[in-house]
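Fold and geometry: a report
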Amino acid sequence: MNGQVKRAFRYRFYPTDAQEAELSRTFGCVRKDYNLALQARAEAWAQRGEQVRYAATSAMLTEWKRTEELAFLGEVSSVPLQQALRHLQAAFCNFWAKRARYPRFKSRKKSRPSAEYTRSAFRWRDGVLILAKMSEPLDIRWSRTLPDGMTPSTVTVSRDAAGRWFVSMLCEDPGVLPLPAGDSAVGIDLGLDHLLTLSTGEKIANPRHERRDRHALAKTQRALSRKHIDSKNRAKARVKVARVHARIADRRTDHLHKITTRLVRENQTLVIENLTVSTMVGNRSLARAISDAGWRKFRQMLEYKASWYGRDVIVIDRWFPSSKLCSTCGALAASMPLHVRTWTCGCGATHDRDVNAARNILAAGLAVTVCGAGVSPQRSTPGGRSATKQKSLRREP
């Protein structure tokens, strides 16, 4: 790593009435532009078998602005509209490469409004940011300062469902340098009773952020259900529900950031399982708890921070019998019921179920590094249904 990584710095800001009106108008134009281009590409393929790419949709945008019906597209900055077309092209590339599903139309009520500005559409100097079509700088609350000499390459403005405004600045951060290499390694077992169990024997508690605010969430949702459809009171109630969800999500993200940063700083090699979270949440009795744990976000954070700081993340097959394998002698138990949390092997070793699983995960990961090959994570049970990780099927009390 050369120390230059692209890093987004996200801040909250408070727009003036004029800025809010301009940004809201830009969000609407970006959504309309994206949907028009998606429709044009879909029709071209369905009717003529023709692939329409970014250059063609960019020319279409120019023609749309000249029509009386879509003349409002020319009232906002053209850069966010062009960026929306580039994002659509990237979405199709991901679809063709089978990395994502077919692009979907953006909904006014469900999609998150955002607009991306490149350097030609904003001015940045000494911590002052002025976007195109605006005369005043954004009132940004600097929770942390940008490193000296750092200039954003792109700026993305967004508004969440709770009505909060955010600006995200993408920069080349020269301050991200690999940490000193070490020889420490840790196996990580994910769970619900404890969020993480490490091969060292340490257990990290699951804060259950959603459960802590469940009463407040239920109260706001009941109030929302009593409001008339499309009324102003319903819109206000919807914002109150979104604020509770935002508070839960912020606490979860903060907790995961602290855990992943600590693990990456303390260990050279980190071994985890390839859990199929999307399949696990199909279990209706546990979907809420699994989503609240944030396993997918934990893995994402762990992987990108490891790439920043020169650490290794090894992902082993989710079918590896980590819970039933004795970490002392290697014997495999015939069965391991979910209620068994401590068990004794025939060799005389007594194991805590989760600690034993974490140690086996670590051993399997280190074996992969030595052999240079692992077991493919893509596998399904007879009948075509994916199995859910057994240890995660414990019903919460």
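Per an unreviewed UniProt entry, the recorded name for the protein is Transposase, and the organism is Lentzea pudingi.

Concerning the packing of helix 2 (residues 54–66) against helix 3 (residues 78–96)
The geometry of helix 2 relative to helix 3 is characterised by a closest axis approach of 10 Å and an angle of 145 degrees between their N-to-C directions. Taken as a pair, helix 2 and helix 3 cross one another with a handedness that is right-handed. For the pair formed by helix 2 and helix 3, the contact residues are Tyr54, Thr57, Ser58, Leu61 and Lys65 on the first element and Ser78, Leu81, Gln82, Leu85, Arg86 and Gln89 on the second. Looking at the contact of helix 2 with helix 3 residue by residue, the class counts come to four nonpolar, five polar and two charged.

Quick notes on the side chain of arginine 311
Checked against the element boundaries, arginine 311 lands in the loop between helix 9 (295–309) and strand 12 (312–316). It turns out arginine 311 is buried and unbridged, and the closest side chain with the opposite charge, aspartate 312, is 8.0 Å from it. In terms of polar contacts, arginine 311 uses its side chain to reach the backbone carbonyl oxygen of valine 264, at 2.9 Å. There is a polar contact of 2.6 Å between the side chain of arginine 311 and the side chain of glutamine 268.

As for the pairing of strand 6 (residues 154–159)
In the sheet, strand 2 (residues 114–118) pairs with strand 6 via five bridges, with the strands oriented antiparallel. Opposite alanine 115, over in strand 6, you have valine 157 as the bridge partner. Two strands pair when backbone bridges link them, and strand 6 and strand 7 (residues 165–173) are joined in this way by six bridges, in the antiparallel orientation. Bridging across to strand 7, valine 155 finds its partner in methionine 169.

Re the sheet that holds strand 9 (residues 194–198)
The five strands are arranged 10-9-8-11-12 in an open sheet whose pairing can be described as mixed. Either end of the sheet is taken by a strand with one partner, and the two such strands are strand 10 (203–205) and strand 12. Averaged over all adjacent pairs, the angle separating strand axes in this sheet is 25 degrees, with direction ignored. Judged from the three bridges that link them, strand 8 (residues 185–190) and strand 9 form a sheet pairing that is antiparallel. Opposite isoleucine 188, over in strand 9, you have leucine 198 as the bridge partner. Contacting strand 8, strand 9, strand 10 and strand 11 (269–273), helix 6 (residues 232–266) runs over the sheet at an angle of about 5 degrees to strand 9. Packed onto the sheet, helix 9 meets strand 8, strand 9, strand 11 and strand 12 and runs at close to 140 degrees relative to strand 12.

Thoughts on the sheet that holds strand 1 (residues 5–13)
With respect to topology, five strands assemble into an open sheet ordered 2-6-7-1-5, the strand pairing being antiparallel. In this open sheet, the two strands that pair with only one neighbour each are strand 2 and strand 5 (140–141).

Thoughts on the packing of aromatic side chains
One pass over the structure, following the stated rule, counts nine aromatic pairs. Plain terms: the ring middles of phenylalanine 92 and tryptophan 96 are 5.7 Å apart, the flat faces sit at 40 degrees to each other, and that makes the pair tilted. Note that phenylalanine 92 and tryptophan 96 are positioned in helix 3 at a spacing of four residues, about one turn of the helix. Judged by its relative accessible area of 5%, phenylalanine 92 falls in the buried class. Classification of tryptophan 96 as partly exposed rests on a relative accessible area of 34%. Taking the centre distance of 5.2 Å and the plane angle of 90 degrees together, the rings of phenylalanine 95 and tyrosine 102 count as edge-to-face. The class of tyrosine 102 is partly exposed, set by a relative accessible area of 36%. An aromatic cluster of three or more residues is present, and its members are Phe92, Phe95, Trp96 and Tyr102. The lysine or arginine in question, arginine 10, covers the ring of phenylalanine 166, its NZ or CZ lying 3.8 Å from the ring centre. Sitting over the face of the ring of tyrosine 34, lysine 106 holds its NZ or CZ atom 4.6 Å from the ring centroid.

Concerning a positive patch on the surface
On the surface, Arg12, Lys232, Lys236, Lys240 and Arg243 cluster together into a patch of positive charge. Mapped onto the secondary structure, arginine 12 falls in strand 1.

What to know about the nonpolar core
Residues Leu23, Leu129, Leu131, Val157, Val167 and Met169 are the most contacted members of the largest nonpolar core, which totals 41 residues. For this core, the element with the most residues is helix 1 (residues 17–48), which contributes eight residues. Beyond its immediate sequence surroundings of up to four residues, leucine 23 is in contact with Phe13, Tyr117, Leu131, Met134, Val157 and Trp165. Within the second largest apolar cluster, 29 residues are counted, among which are Val186, Leu195, Leu198 and Trp308.

Thresholds, definitions, all that
- Residues numbered from 1 in each chain as written.
- Predicted model: local features only at pLDDT ≥ 70, side-chain atom pairs only at ≥ 80, totals over all residues.
- Heavy atoms only, no water.
- Axes fitted to C-alpha atoms, helices over the stretch in contact; angles between N-to-C directions.
- Helix = DSSP H or I, 4+ residues; strand = E, 2+ residues; numbered from the N terminus.
- Left-handed = near helix turned anticlockwise from the far one by under 90°.
- Contact = heavy atoms within 4.5 Å.
- Nonpolar A, V, L, I, M, F, W, Y, C, P; charged D, E, K, R; others polar.
- Buried < 20%, exposed > 50% of the residue type's maximum accessible area, 1.4 Å probe, protein only.
- Lys, Arg positive; Asp, Glu negative; His and termini not counted.
- Salt bridge = Lys/Arg side-chain N within 4 Å of Asp/Glu carboxyl O.
- Polar contact = N/O pair within 3.5 Å; in protein donor to acceptor, adjacent residues only side chain to side chain.
- Pairing = 2+ DSSP bridges.
- Phe/Tyr/Trp six-rings, centres within 6.5 Å; stacked < 30°, edge-to-face > 60°.
- Lys NZ or Arg CZ within 6 Å of the ring centre and 35° of its normal.
- Patch = residues over 30% accessible without salt bridge, like charges linked within 9 Å, V, L, I, M, F, W, Y side chains within 5 Å.
- Areas by Shrake-Rupley, 256 points an atom, 1.4 Å probe, with all protein chains shown as cover.
- Charge placed at Lys NZ, Arg CZ, Asp CG, Glu CD.
- Core = buried A, V, L, I, M, F, W, Y, C linked by side-chain atoms within 4.5 Å.

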